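# Coordinate analysis (summary)
Each chain, written out:
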Amino acid sequence: MEKQITETKKSLFSQFRTGFQPSFWVANGMELFERLAYYGQATILSVFLRDHLKFDEVQAGQLSSIFGGLIYFLPIFAGALADKFGFKKAFSFAFFVLAIGYFLIGSTGMSAFSYWYENKNLFPILSVILIFTAIGGSFIKPSVLGTVALTTTHETKSLGYAIYYWLVNMGAAIGPFLAYLVRDSFGIEFVYLVSALSCALMFLVTIFVFKEPEAKLNEERESLLQVIKNLWTVVKNFKFMIFLLIFSLYWIVFWEFFIVIPFYISDYISPEAPIELVLSTGAWTIILLQIPINRLTKNIPTPTAIMSGFIFAALSWFLLYFATLAGTVVGLGFIIATIFIFSVGEQTQAPRFYEYLADLAPKGQAALFQGFAFLPIAIAWLLGGTFGGWIYQSFGTKEAGKPEMVFLIIGLVGVAAAAMMFVYNLVVHKKK
């Protein structure tokens with residue numbers, strides 16, 4: 001037994017030493033800093049818009065939808081362009097735009113730049129800034145995932161995606177922690193300055209360190225007309241698109257943690273509460289438990305693993321609903337428990353989902369297919385921000401006084417998603 005463990009360790013060490021090209025580590029390192037920047041600002045975006053810039057809940061939700069929706073929707077097209085022009089150019093463009101965009105978002109709340117925005121309607125100005133920033137951010141994920149696909153071997157590909165997923169969540173954990181420190185020490189608007197500096201640093205890393213994967217240099221590039229045809233080939237796959245649309249309901253339930261929960265904590269617990277640290281619970285859970293959960297669920301069929309994630313998503317919000325209904329004070333502990341439960345389900349299904357899509361990608365279309373992996377997240381953000389802002393304004397504010405209805409409605413969305421996925425699995429299995 002001891003000999004077997006030693007051989008396994010040697011094999012794993014060998015994979016780390018020889019199974020990845022240098023560009024793999026550089027790209028994943030840049031993804032870590034990009035996620036740090038993104039999640040640092042995402043945890044405070046709705047509160048920044050409502051409490052600092054004085055938008056109402058619906059307007060804050062709409063602006064969140066614009067940014068979050070586009071940053072996950074545009075990779076469908078950005079991935080195709082990254083495949084066409086190369087990952088180095090895509091990374092350079094992305095980080096340059098992100099650095100400027102995050103700075104401009106923060107500037108709307110900084111007294112030093114108040115003269116830029118005084119006597120102006122901030123909603124259209126912020127809309128343009130958020131769209132600009134999202135265009136840049138949309139190139140990151142398909143380029144990173146495309147790089148992973150081209151810089152790993154057949155034996156290390158699965159490990160490569162596990163490393164990517166782990167680093168994404170490391171950024172999602174560190175980013176909110178830094179955001180909390182900056183908000184507490186300097187002000188909420190300066191969180192965006194940290195995000196801007198992080199992306200500016202990664203722009204320099206791209207220029208001076210990142211090298212185009214050799215497989216990409218030797219790859220035959222397709223014409224833009226063929227790229228459009230490739231997009232259409234994916235879109236007209238009805239069964240695949242239905243699968244992605246059902247998945248969007250799951251991600252609506254997820255994104256409400258970033259829309260509804262900050263409002264609730266600010267209104268019912270304390271405006272000074274560490275919102276960022278609470279929302280990083282999911283990321284820390286994944287960092288600590290991803291490997292053991294992966295080992296425990298490795299023999300579970302993919303449809304069952306996905307269904308488990310959907311069921312956990314619904315159950316997490318019902319915990320808050322029944323606690324509020326019973327008159328229990330829903331404090332930070334309950335919210336942390338809710339995010340923890342959701343995260344356990346996410347870890348059960350998410351890695352399988354990404355690896356499945358990676359295996360579907362034809363040669364030369366790695367980033368294109370990985371871009372479609374984010375369509376459900378995009379739809380969820382596009383709808384979820386406005387939806388969350390509306391239900392919170394209708395039921396959750398202190399004036400409305402029914403926050404339990406907010407939790408119930410979100411939980412029911414999770415139930416609907418689980419039911420649809422169950423039917424989908426039955427139909428697909430029957431056809432097979």
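Scroll up to find the structure.
Sequence order as written defines the numbering, with residues in each chain counted from 1. Local features are withheld for residues below a pLDDT of 70 in this predicted model, meaning they are given only at 70 or higher, and side-chain atom pairs are given and counted only at 80 or more; totals for whole chains, interfaces and linings count all residues. Heavy atoms from the whole structure form the basis of all side-chain values; hydrogens and water molecules are not counted.

### Overview of the overall build of the chain
The number of helices and strands found in the chain is 21 helices and 0 strands. Three labels apply to residues, based on accessible area from a 1.4 Å probe with only protein chains included: buried if under 20% of the type maximum, exposed if over 50%, partly exposed otherwise in between. For the chain, buried positions account for 57% of its 432 residues. We call two residues contacting when some pair of their heavy atoms lies within 4.5 Å. Contacts spanning at least 24 positions in sequence make up 85% of the contacts within the chain whose residues lie at least 6 apart. Of the roughly 18700 Å² that the chain leaves accessible, carbon and sulfur atoms contribute 69%. Numbering goes from the N terminus for both helices and strands, where a helix is a DSSP run of H or I of at least four residues and a strand is a run of E of at least two. Every accessible area reported is derived by Shrake-Rupley at a probe size of 1.4 Å, with residue values counting cover from the shown protein chains alone.

### With respect to the packing of aromatic side chains
Classification of ring pairs uses Phe, Tyr and Trp, with its six-membered ring standing for Trp, and accepts pairs whose centres are within 6.5 Å; under 30 degrees between planes counts as stacked, over 60 as edge-to-face, and the remaining range as tilted. A complete count under the given rule lists 42 aromatic pairs for this structure. Plain terms: the ring middles of Phe20 and Phe24 are 4.4 Å apart, the flat faces sit at 20 degrees to each other, and that makes the pair stacked. Here Phe20 matches Phe24 in class, with each residue buried. Relative to Trp255, the ring of Tyr72 has its centre 5.7 Å away and its plane inclined at 45 degrees; by these criteria the two rings are tilted. Of the two residues, Tyr72 sits in helix α4 (residues 57-73) while Trp255 sits in helix α14 (residues 238-269), which places them 183 residues apart along the sequence. Residue Tyr72 is classed as buried on the basis of its relative accessible area of 4%.

### Some remarks on the nonpolar core
We define a nonpolar core as any set of buried Ala, Val, Leu, Ile, Met, Phe, Trp, Tyr and Cys residues linked to one another through side-chain atoms lying within 4.5 Å. The biggest cluster of nonpolar side chains holds 135 residues, and the ones touching the most others in it are Tyr38, Tyr72, Tyr102 and Trp255. In contact with Tyr102, not counting residues within four places along its chain, are Ala37, Tyr38, Gln41, Phe67, Thr133, Tyr192, Ser195, Ala196 and Cys199.

### Structural notes on unusual backbone geometry
With a phi close to 70 degrees, Lys54 is a non-glycine residue in the positive phi region. Within the secondary structure, Lys54 sits in the loop between α3 (45-52) and α4. A residue is classified by how much of its surface remains accessible, and Lys54, at 64% relative accessible area, is exposed.

### Some thoughts on the environment of Ala42
Here Ala42 lies in helix α2 (residues 22-42). Between the alpha carbons of Ala42 and Ala179 there is a distance of 9.6 Å; along the sequence they are 137 residues apart.

### Things to note about the packing of α2 against α4
At a closest axis distance of 12 Å, the pairing of α2 and α4 adopts a crossing angle of 155 degrees. Between α2 and α4, the interaxial angle falls into the category roughly antiparallel. For the pair α2 and α4, the crossing hand works out as left-handed. Two secondary-structure elements touch here, α2 through Arg35, Tyr38, Tyr39 and Gln41 and α4 through Phe67, Gly68, Ile71 and Tyr72. Fitted lines through C-alpha atoms give the axes, limited to the stretch in contact for helices. The angle between two N-to-C directions lies from 0 to 180 degrees. An angle counts as roughly parallel when it lies under 35 degrees, as roughly antiparallel when it exceeds 145, as roughly perpendicular when it falls between 65 and 115, and as oblique in every other case. Crossing handedness is read from the near helix: turned anticlockwise from the far helix by less than a right angle, it gives a left-handed crossing, and turned clockwise, a right-handed one.

### Things to note about a nonpolar patch on the surface
On the surface, Phe33, Leu201, Leu204, Ile207, Phe208 and Val209 cluster together into a nonpolar patch covering about 560 Å² of accessible area. Broken down by element, the nonpolar patch gets its largest block of residues, 4 residues, from helix α11 (residues 191-208). Tracing the sequence through the fold places Phe33 in helix α2. What makes a patch is a set of residues exposed beyond 30% relative accessible area and free of salt bridges, joined within 9 Å when like-charged and within 5 Å when nonpolar (Val, Leu, Ile, Met, Phe, Trp, Tyr). Each salt bridge in this description consists of a side-chain nitrogen of Lys or Arg and a carboxyl oxygen of Asp or Glu lying within 4 Å of one another.

### Digging into the packing of α2 against helix α10 (residues 157-185)
Packing of α2 against α10 leaves a shortest axis separation of 7 Å and a crossing angle of 35 degrees. Viewed along their axes, α2 and α10 form a crossing whose handedness is right-handed.

### Some words on the side chain of Arg35
Assignment of secondary structure puts Arg35 in helix α2. Dropping the residues within four chain positions of it, Arg35 is found in contact with Gly40, Tyr72, Lys141, Val168, Gly171 and Ala172.

### Looking at helix α8 (residues 122-137)
To estimate the expected span of a helix, count its residues, drop one, and scale the result by 1.5 Å. Taking 1.5 Å as the rise per residue, α8 with 16 residues should run 22 Å; its terminal C-alpha atoms sit 22 Å apart, in good agreement. On its buried face, α8 sits against α3, α4, α6 (87-107), α7 (114-117) and α9 (140-150). Here a polar contact means two N or O atoms within 3.5 Å. Within protein one must be a hydrogen donor candidate and the other an acceptor candidate, and residues neighboring in sequence count only if both atoms are side-chain atoms. If you check the start of α8, you find a side-chain oxygen 3.1 Å away from the backbone N of Phe123, and it comes from Asn121.

### Re the pattern of salt bridges
Considering all chains together, one arrives at 6 salt bridges under this definition. We note a salt bridge from Glu31 to Lys141, for which the minimum N-O separation is 2.9 Å. Remark: Lys141 occurs in helix α9 and Glu31 occurs in helix α2; sequence separation between them is 110 residues. Comparing Glu31 with Lys141 shows no difference in burial state: the two are buried.

### Structural notes on the side chain of Asn169
You can see Asn169 is positioned in helix α10. The class of Asn169 is buried, set by a relative accessible area of 7%. Setting aside chain neighbours within four positions, we find Asn169 in contact with Ala283, Ile286 and Ile287.

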